[in-house]
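Per-entry structural report
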Amino acid sequence: MGCWELLMREWWDVGEWENYQEVHVNNSVFCSEVSYGAQHDILSDKVQFPSFLRTVPRMRPQSTAFALLVKYFGWTWIGLLSGDNDTCYMWRKDLEKDLRNVGVCVSFWEKVHYKYSKERMRSIAEGVQSSSAKVIICDCTEMELTPLLQELSHLNVTDRMWIFTNSLTITSDYFPWSSLRLLNGSLAMVLHAPDMPELKPFLESLHPDRFPEDIFIHSFWEAAFWCKWSNNAISSGSLSWDAKDGELQCIGTEVLEDVESIFVLSDMSYTYHIYLAVYALAQALQDLISCTPGMGPFENSSCAEVEHPKPWQMLHYVRHVRFITSSGEEIFFDENGDVPAVFDFVNIQISSEGSMRLVKVVTYDSSAPEGRQIRIEEDAMMWNTGDNQAPSSFCSESCLPGFRQSVRKGWPVCCFDCVSCSAGEISNEIDSAHCWPCSEDHWPNAGRTECELTTLQFLSLEEPLGIIFSSLTILLFLITLFVLCVFRRFQDTPIVKANHRGLSYVLLIALMLCFLSPFTFIGHPMRATCMIRQNSFGIIFSISISTILAKTITVIIAFNARDPTSRSSRWLGTRMPSGVVLLCSFAPVLICTVWLLLGPPFPVKIQIRDTTILQCDEGSVLFFYLMLGYLGLLATVTFVVAFYARNLPQSFNEAKFLTFSMLVFLAVWVSFIPAYLSTNGKYLVAVEIFAILSSGAGLLGCIFIPKCYIILWRPDMNTKQYLVQRTSCSKNK
């Protein structure tokens, strides 16, 4: 049957013959324009092939379908087998590109050919066996695959998942059982072929009587009923039922409907695409004939001559064909003469008895929206694994959340080691290529899978250490207040008078402020408290030490001025001690003022792992250490002066107590410096509070507690006669 006759039959069957007029057209115009089998990508080049159209998808979208399929099942490590020809080589390049785009790596690529030697095939099979890739994509024919499967069968390589292109014809007739069992559960791409409702009734209506000249009908009949026509009957075209001896005789009364399996067809893809090609030409011819003069698509709105259409006019109509098939699919040609790429994947299911079924489980449609191009029916799939679960194929085990991939040097990117995220970073995905740092005030949890708020650390009034320091601060403040009250109550007694009660009041008030200053260190650091605490501490302690220095100088002058009329006696008034206190306190006031102007302290957050330390940055460190240095120098001078005055008469001499108090003060602050430099956070604050409280308590205890003891519990010693007597004894010694 020629192309033109086939076209006319199709046109008649679709009910469009009523507009038919006898048209004399070169058959080649129709038969060469639309192909139902050529898939090479070069045919989409309209410069080289301007009049070529086809109803089968070109090859390029196949690799995209394979990549999406592999990605769907999570296979990242695959092998490639292809035929030894240029077409397979070009397709492999496209496939590798698409696989890389979805994060899949190729373990090996081997070429196969049916002319390869047995030794070479065995070497390829051993390479497949040694590879850790459990999924193999194969673009080869059944003739090329058969010798390889035989070698793999000898090696008992049964744990591979095969995915075949449509180059392979899947049928049990091509492979022995030893090879066929290796393909159980595999997938094979076939051209998309939906059901054609009219085809089966047509095939069932076939009979040699209807087409006596068609030798294919006779061959089909023999294969269907396992009988034999006589050669004379076939060659003559008349039905005869003379068969050779021993052979079943075809009699022509057989009924096709009685043969159940005859129309259970494994691959109707080419039949379907032939149907599309013929229908496209029929539709184009119908459009050409139906053209209304003056409304045509050509120059001056003209139509083609129905009796003598030009090839380029027919090509125009074919290119613009758009119709809906009986299965509901829309068919049209794009600018390259291609139809939308639609492929199916069938699952090869082989029973224990050896029967084989091909079940359509996957459909790829390039025209579908992104993310919905591939549809998979997993419930209908059968795998070659023992538990009928989808196999896995990867070079490295997946990295759990909390780890990142570290690619092995010299290996593909799919081969990696799992490395724990660095400190401060997390990963919350499987197979994460990177870890992400947590934002400020956050830190990874133990598994490094999510960021959590860090613990704020500062010396709080609610925590035990803060409560202890607060309690000590209040207690020492109250003790100092009590001492001040005692001195104020007994201000006219000899022992209070003898120790310059004015300076004693100043020192006690300064110590009270010193004991209150730790409250600026305790609690959430704020800008105001950061600016106040170090400056107030420096100024208050400088007043305290200056007062002690003034008291010591007063004692020295008092016992060196034996003659009331001497020049030394002039310094025994109130002006000299006040001047010493003011002069020695001026320097820290100046330092702190410049400090606040140029580089004041401010609150900062320091994140150490899962803890955010809230503390005060001292701003200009130069002024901080300058203030500490000045206090150290002032304390050292006071200690030296007090040590010099330690041997003066005992009753009026508090120089020994002052010396010891300054020794305690210096010991505390000398030990404070290394402790301060080696701690951080709330413990740094605790060290400084301890230094303030202990040094202040040392001054209070060494200078005032002995005097309070005498005032309160030994009033007999707090008399002028006792003090004069003790002074005389001291002088005689």
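Here goes a summary of the coordinates provided. (Residues numbered from 1 in each chain as written. Predicted model: local features only at pLDDT ≥ 70, side-chain atom pairs only at ≥ 80, totals over all residues. Heavy atoms only, no water.)

Our focus in this paragraph is the overall build of the protein chain. The helix and strand tally for the protein chain stands at 22 helices and 21 strands. Taken across its 733 residues, the protein chain has 47% of its residues classed as buried. Considering only contacts in the protein chain between residues 6 or more positions apart, those separated by 24 or more positions represent 67%. As displayed, the protein chain offers around 37500 Å² of accessible surface, 57% of which is attributable to carbon and sulfur atoms. (Helix = DSSP H or I, 4+ residues; strand = E, 2+ residues; numbered from the N terminus. Buried < 20%, exposed > 50% of the residue type's maximum accessible area, 1.4 Å probe, protein only. Contact = heavy atoms within 4.5 Å. Areas by Shrake-Rupley, 256 points an atom, 1.4 Å probe, with all protein chains shown as cover.)

This part covers the state of the cysteines. Tallying each qualifying case throughout the model produces nine disulfides. Linked covalently through their sulfurs, cysteine 105 and cysteine 414 form a disulfide whose S-S length is 2.1 Å. Taking the torsion about the sulfur-sulfur bond, which here is approximately 85°, the covalent link between cysteine 105 and cysteine 414 counts as right-handed. Taken as a pair, cysteine 105 in strand E4 (residues 105–112) and cysteine 414 in the loop between strand E13 (403–407) and strand E14 (416–420) lie far apart in primary sequence, 309 residues in all. Judged on exposure class, the residue cysteine 105 and its partner cysteine 414 are both buried. Put simply, cysteine 227 and cysteine 250 are joined by a disulfide, and their sulfur atoms are 1.8 Å apart. Since a negative S-S torsion denotes a left-handed disulfide, the cysteine 227-cysteine 250 link at about 95° is right-handed. Taken together, the residues span a long stretch of sequence, with cysteine 227 in the loop between helix H9 (215–225) and helix H10 (231–236) and cysteine 250 in the loop between H10 and helix H11 (269–289) at a distance of 23 residues. Note on cysteine 227: relative accessible area 8%, which makes it buried. Residue class for cysteine 250 comes out buried when judged on its relative accessible area of 1%. (Disulfide = S-S within 2.5 Å.)

Turning to the nonpolar core, a few remarks are in order. One finds Phe487, Trp669 and Phe704 to be the most contacted residues of the largest nonpolar core, which totals 72 residues. Counting residues per element, this core draws most heavily on helix H20 (residues 682–703), at 11 residues. Setting aside residues up to four positions removed in sequence, phenylalanine 704 forms contacts with Val483, Phe487, Ser504, Leu507, Leu508, Leu511 and Leu699. Counting residues in hydrophobic clusters, the runner-up holds 38 residues, among them Met196, Leu288, Ala304 and Val306. (Core = buried A, V, L, I, M, F, W, Y, C linked by side-chain atoms within 4.5 Å.)

Here we have three strands laid out as an open sheet, ordered E19-E21-E20, and mixed in their pairing. Looking at which strands have only one partner, the edges of the open sheet turn out to be strand E19 (455–457) and strand E20 (602–608). Along the sheet, successive strands turn relative to each other by an average axial angle of 30°, direction set aside. In this structure, E19 lies alongside strand E21 (residues 611–617), joined through three bridges in parallel fashion. (Pairing = 2+ DSSP bridges. Axes fitted to C-alpha atoms, helices over the stretch in contact; angles between N-to-C directions.)

Turning our attention to the pairing of strand E7 (residues 187–191). With five of five residues buried, E7 is to be regarded as a mostly interior element. Residues Leu187, Met189 and Leu191 point to one face of E7 and Ala188 and Val190 to the other, with burial holding for every one of them. Bridge count between strand E6 (residues 161–164) and E7: two bridges; the pairing is parallel. Within E7, the position partnered with phenylalanine 164 by the bridge is alanine 188. For E7 and strand E10 (residues 342–350), the ladder comprises five bridges, and the chain directions are antiparallel. Following the sheet pairing, leucine 187 is matched in E10 by asparagine 347.

Take the pairing of strand E11 (residues 356–365) next. Where E10 lies against E11, nine bridges are found, and the strand directions are antiparallel. Within E11, the residue paired with valine 346 across the bridge is lysine 360. Hairpin connection from E10 to E11: five residues lie between these consecutive antiparallel strands, with glycine 354 at a positive phi of about 100°. Bridge analysis of E11 against strand E12 (residues 374–376) gives three bridges, and the strand direction is antiparallel. Within E12, the position partnered with valine 362 by the bridge is isoleucine 376.

Moving on: the packing of aromatic side chains. On inspection of all chains with the given rule, the structure shows 23 aromatic pairs. Plain terms: the ring middles of tyrosine 72 and phenylalanine 73 are 5.0 Å apart, the flat faces sit at 85° to each other, and that makes the pair edge-to-face. Taken together, a centroid distance of 5.4 Å and an interplanar angle of 75° make the contact between phenylalanine 487 and phenylalanine 704 edge-to-face. One end of the pair, phenylalanine 487, is in helix H13 (residues 464–489); the other, phenylalanine 704, is in the loop between H20 and helix H21 (705–713), and 217 residues separate them in sequence. The same class applies to phenylalanine 487 as to phenylalanine 704, namely buried. Among the aromatic side chains, those forming a connected cluster through ring pairs are Tyr72, Phe73, Trp75 and Trp383. Positioned over the ring face of phenylalanine 332 is arginine 322, at 4.2 Å from the centre of the ring. If you follow arginine 408 out to its NZ or CZ, it ends over the ring of tryptophan 411, 5.6 Å from the centre. (Phe/Tyr/Trp six-rings, centres within 6.5 Å; stacked < 30°, edge-to-face > 60°. Lys NZ or Arg CZ within 6 Å of the ring centre and 35° of its normal.)

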